[in-house]
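# Notes for the structure review
Residue-level listing of the chains:
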Amino acid sequence: MLRLLLALLLTLAAPGLAGAQGAMTAVKAKDLVRARLVAESEALVPGRTVTLGLHMAMKPGWHVYWRNPGDSGLPPEMAWRLPEGFTVGPVQWPVPERIPVQTLMNFGYEGAVTLLVPLAVPESARAGETVRLSGTLSYLVCEEICIPGSAELSLDLPVAASAEPASGQAALFARARAALPEALAEAAPGSIRTTRAGDRLVLHLDRPGLVGVTGAAFFPYAEGALENAAPQDLAVDAAGLHLTLTPGDAGQPPEALAGVLALTEDGTRKAYALGPEPAPAPTAAATVPAAPETPPAPAEEESLTLWSAAGLALVGGLLLNLMPCVFPVLSIKVLSLVRQAGESATRVRLHGLAYTAGVLASFLGLAGLLIALKAGGAGIGWGFQLQSPVVVALLAYGLFAIGLSLSGAVHLGGGIVGLGDGLTRRAGYQGSFFTGVLATLVATPCTAPFMGAAVGFALTQSPLAALTVFASLGLGLALPFLGLTLVPQALRLLPRPGAWMDVLKGALAFPVYATVAWLVWVLAQQVGPNGLLAGLTGLVLVALAAWAWERARGAGRLGTGFGRVAALAALAAALGLVAVLDGDRATARTALAQGEEAFTQARLDALRAEGRTVFVDMTAAWCITCQVNERTVLAREGVQAAFRGGQVAYLKGDWTNQNPEITRLLERHGRSGVPLYLVYRGQGEAQVLPQILTEGIVLAAIGQKDVAAAQ
């Protein structure tokens, strides 16, 4: 068992392994799996669909995985690189085998398997040209140890007016189609139903004449739907077949069970698809990786409608204004409101509308990019831009420049944050707009109550529905400031402009500097020492640019020109240093306190198999809400003592940098970002805790009710 867990840890950490170790692993995987890309036709016909095959042959004793890998493992994934206009559809998965490994039960393939993939050829394809179909196939191959592998696959095919079947491939594609499950209504007339029998489920196939069935196995589409390693008890009578299963989620309705039922009847294996298949949308072809399947959201998320999710998003956006990451920017905007108090009501309203437009445009832009990347198969979620050291550094540089402006070290003008006297009408509105953009960028590290459910719901819907929810979130963030500007009488409650404003402006610089310090700390979690040095040097160069620019003001023509050139050169050097940050990424390294363990799915599975209570903390260095919860609740002695006394395992997952395994767990629970807190007790499904924790909530969830009541 220890060998298996260590192997899975190495598997999931493979992208960050050192070069020599990674090369050694790749060679071993290549020796174990022979992969190739084949086509059913000799040529591509414009406007028609051709079937491709991802064929993998494994060495004896080794296996790869099905779409739902079972208790551990990862399914094969293909990141396609295809010409413009070509699209691939969802993978057609052959019926898997139950593969026991120690106390776990996996679903996969031994020997050889061919995954069928439909390829749509566009009408624009020209006869006579040759098309290259290629991509990277990633897979996990296991025996009692697991080794990640990848293969670069390609196939050149001509475009023609007609096409013959590919010579030598007919038998391979015939076997692949024979291994696919059949639709029950077409292949075996009879009704299928599921009932409860105590704490177990019974799958009934009501069809007489099944007395020849000697074996059966059910493979659920959804991960966690069943206890995979539990026995599946078969009974056959005159009415049909009855297969008793152990549910993984006690709250899951029996009618929601969907998957593949495999039968051994008269020595022949037959398989039937039951229920709706969770097929992803067709993947766009041009350099887009295949989209991973999105697990269904938990039951409480399924009750959400578009409008209830939009309402939750609106409330979550309002609460974002109370979060520490948004305060520095909003305080700057309130200061600008004081300056605008003497202006006409129309101008004040236009400033509010410009700020709201900036918030909505940036929310919709970020959401659109997130939706597009996820549709292309990227394992990311809300706040994804802060997983890039480049974005973190640029945000720190921009806020540092704003802080210098507030401190009076440099006058940057109204086009930056809408501050300053004597601004033109156009520049002032631009300032309000870009303040809204900045407020959105710094708001994404914070997660307010109600946001998680709304955003998680949005990313499982159509793009239009998702953008509606994100627009509601942005409107909620902008609403307080917009309300002040739409009711100019409210500005009379603010003090009159005066000398005190210079003091306030200087004081407001320090929350901005604190935000810069926090961003530098986030950068330190993402990059190595060289990258951190580059980021800090960039801050020095930003200060140098500000100093040179300010010194140029009021100087002669020659001095002004030289100062501005020096400032622009320093700023260009700072931006140049940003380019090295992505190349100096560090592995995720959230500090683990005593009693904490780094999260991996394999470790979680092992702890649950032991019957342990497990507390899972999904966090990130850039997530303000996460850090507040950890320091004010999870680190408290009462909680730590309850963890120790109750023998609670504490797993911490670090999403500071991208981690596909954490992304899959977030999606499985209807979330697209951190924080996410889960409690597993016994063999039941996870309890999802609120995003804002209290000591009582945590203690009650881990079973320390008496302690919680005393809090």
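Residues numbered from 1 in each chain as written. Predicted model: local features only at pLDDT ≥ 70, side-chain atom pairs only at ≥ 80, totals over all residues. Heavy atoms only, no water.

Quick look at the overall build of the protein chain now. When its secondary structure is counted, the protein chain shows 22 helices and 24 strands. Within the protein chain, the fraction of its 711 residues that count as buried is 50%. Considering only residue pairs separated by 6 or more positions, the protein chain has 76% of its internal contacts joining residues 24 or more positions apart. Carbon together with sulfur atoms contributes 61% to the accessible area of the protein chain, which is approximately 30,500 Å² in total. (Helix = DSSP H or I, 4+ residues; strand = E, 2+ residues; numbered from the N terminus. Buried < 20%, exposed > 50% of the residue type's maximum accessible area, 1.4 Å probe, protein only. Contact = heavy atoms within 4.5 Å. Areas by Shrake-Rupley, 256 points an atom, 1.4 Å probe, with all protein chains shown as cover.)

Before going further, it helps to spend a moment on the side chain of H204. Structurally, H204 can be placed in strand β13 (residues 200-206). Judged by relative accessible area, which is 10%, H204 ranks as buried. Only 2.8 Å separates the side chain of H204 from the side chain of H242, close enough to count as a polar contact. Contacts of H204, omitting those with residues within four sequence positions, involve S191, I192, R193, T195, L241 and H242. (Polar contact = N/O pair within 3.5 Å; in protein donor to acceptor, adjacent residues only side chain to side chain.)

Let us now look at the sheet that holds strand β16 (residues 240-245). Taken together, the 4 strands give an open sheet; going across it, the order is β12-β13-β16-β15, and neighbouring strands pair in antiparallel fashion. The sheet is open, and its two borders are formed by β12 (191-197) and β15 (233-237), each paired with just one other strand. Strand after strand, the sheet turns through a mean of 20° between neighbouring axes, direction not considered. Both β13 and β16 contribute to a ladder of 6 bridges, which runs antiparallel. By the bridge assignment, D206 is partnered in β16 with G240. (Pairing = 2+ DSSP bridges. Axes fitted to C-alpha atoms, helices over the stretch in contact; angles between N-to-C directions.)

So, about the nonpolar core. L44, L54, W80 and L119 are the most contacted members of the largest nonpolar core, which has 47 residues in total. Residues within four places of L44 in sequence aside, it is in contact with V50, F86, L119, V121, V131, L157, P158, V159 and A160. Counting 36 residues, the second-largest nonpolar core is a separate cluster that includes L604, A642, Y650 and Y677. (Core = buried A, V, L, I, M, F, W, Y, C linked by side-chain atoms within 4.5 Å.)

Quick look at helix α9 (residues 389-406) now. Each turn of an α-helix holds 3.6 residues, which means side chains three or four residues apart point in the same direction. Its 18 residues place the ends of α9 26 Å apart at the C-alpha level, agreeing with the 26 Å of an ideal helix rising 1.5 Å per residue. α9 sits mainly inside the fold: 13 of its 18 residues count as buried. Positive backbone phi, at 85°, marks G408, one or two positions downstream of α9. (Expected span 1.5 Å × (residues − 1).)

Moving on to the pattern of salt bridges. This structure, assessed with the given rule, holds 13 salt bridges. For E40, the salt bridge identified is with R177, shortest N-O distance 2.6 Å. Remark: R177 occurs in helix α3 (residues 170-178) and E40 occurs in the loop between β1 (33-39) and β2 (49-58); sequence separation between them is 137 residues. Relative accessible area serves as the criterion here: at 24%, E40 is assigned to the partly exposed category. Taking relative accessible area as the criterion, R177 reaches 37% and is therefore assigned partly exposed. Close ionic contact of R193 with D206 constitutes a salt bridge, the shortest N to O distance being 2.6 Å. Here R193 is found in strand β12, whereas its partner D206 is found in strand β13, with 13 residues between them in sequence. Among the residues examined, R193 registers a relative accessible area of 39% and is labelled partly exposed. One network of salt bridges, in which partners are shared, links E596, E630 and K652. (Salt bridge = Lys/Arg side-chain N within 4 Å of Asp/Glu carboxyl O.)

With that settled, the discussion passes to the sheet that holds strand β11 (residues 182-183). Strand order across the open sheet formed by 4 strands is β11-β18-β17-β14, with mixed pairing between neighbours. Single-partner strands in this sheet number two, and they are β11 and β14 (213-220). Judged from the 7 bridges that link them, β14 and strand β17 (residues 259-265) form a sheet pairing that is antiparallel. Looking at β17, one finds that A217 is bridged to A262.

Our next topic: the side chain of S134. Its location among the elements puts S134 in strand β9 (residues 130-142). Beyond its immediate stretch of four places on either side in the chain, S134 contacts M78, A79, W80, R81, L82, L153 and S154.

As defined by bridge partners, β2 adjoins strand β8 (residues 112-120) across 9 bridges and the pair is classed as antiparallel. In the strand pairing of β8, M56 is matched with V113. As paired elements, strand β5 (residues 87-88) and β8 share 2 bridges and run antiparallel to each other. Across the sheet, residue V88 finds its bridge partner in β8, namely L119.

What follows deals with the confidence of the model for the protein chain. The predicted coordinates of low-pLDDT regions are not to be read in fine detail. For the protein chain, the mean per-residue pLDDT works out to 74, and 70% of the residues sit at or above 70. Predicted confidence is poor over residues 281-303, with pLDDT under 50, and the contacts of this stretch with residues over four places away or in other chains come to 57 contacts. (pLDDT = per-residue confidence, 0-100.)

Another aspect to go through is the packing of α9 against helix α15 (residues 529-552). Here α9 crosses α15 at 35°, and the two axes come no closer than 10 Å. Once α9 is placed against α15, the crossing between them reads as right-handed. Packed against α9, whose contacting residues are A396, Y397, F400, A401 and L404, the element α15 presents A534, G535, G538, L539, V542, A543 and A546 at the interface. For the contact of α9 with α15, the class distribution of residues is 10 nonpolar, 2 polar and no charged. (Left-handed = near helix turned anticlockwise from the far one by under 90°. Nonpolar A, V, L, I, M, F, W, Y, C, P; charged D, E, K, R; others polar.)

Our focus in this paragraph is the environment of V437. Structurally, V437 is set in helix α11 (residues 425-443). For V437, a relative accessible area of 21% corresponds to the partly exposed category. The sequence separation of V437 and T356 amounts to 81 residues, and the corresponding C-alpha distance is 9.1 Å. Among residues more than four places away in sequence, those in contact with V437 are G358, V359 and S362.

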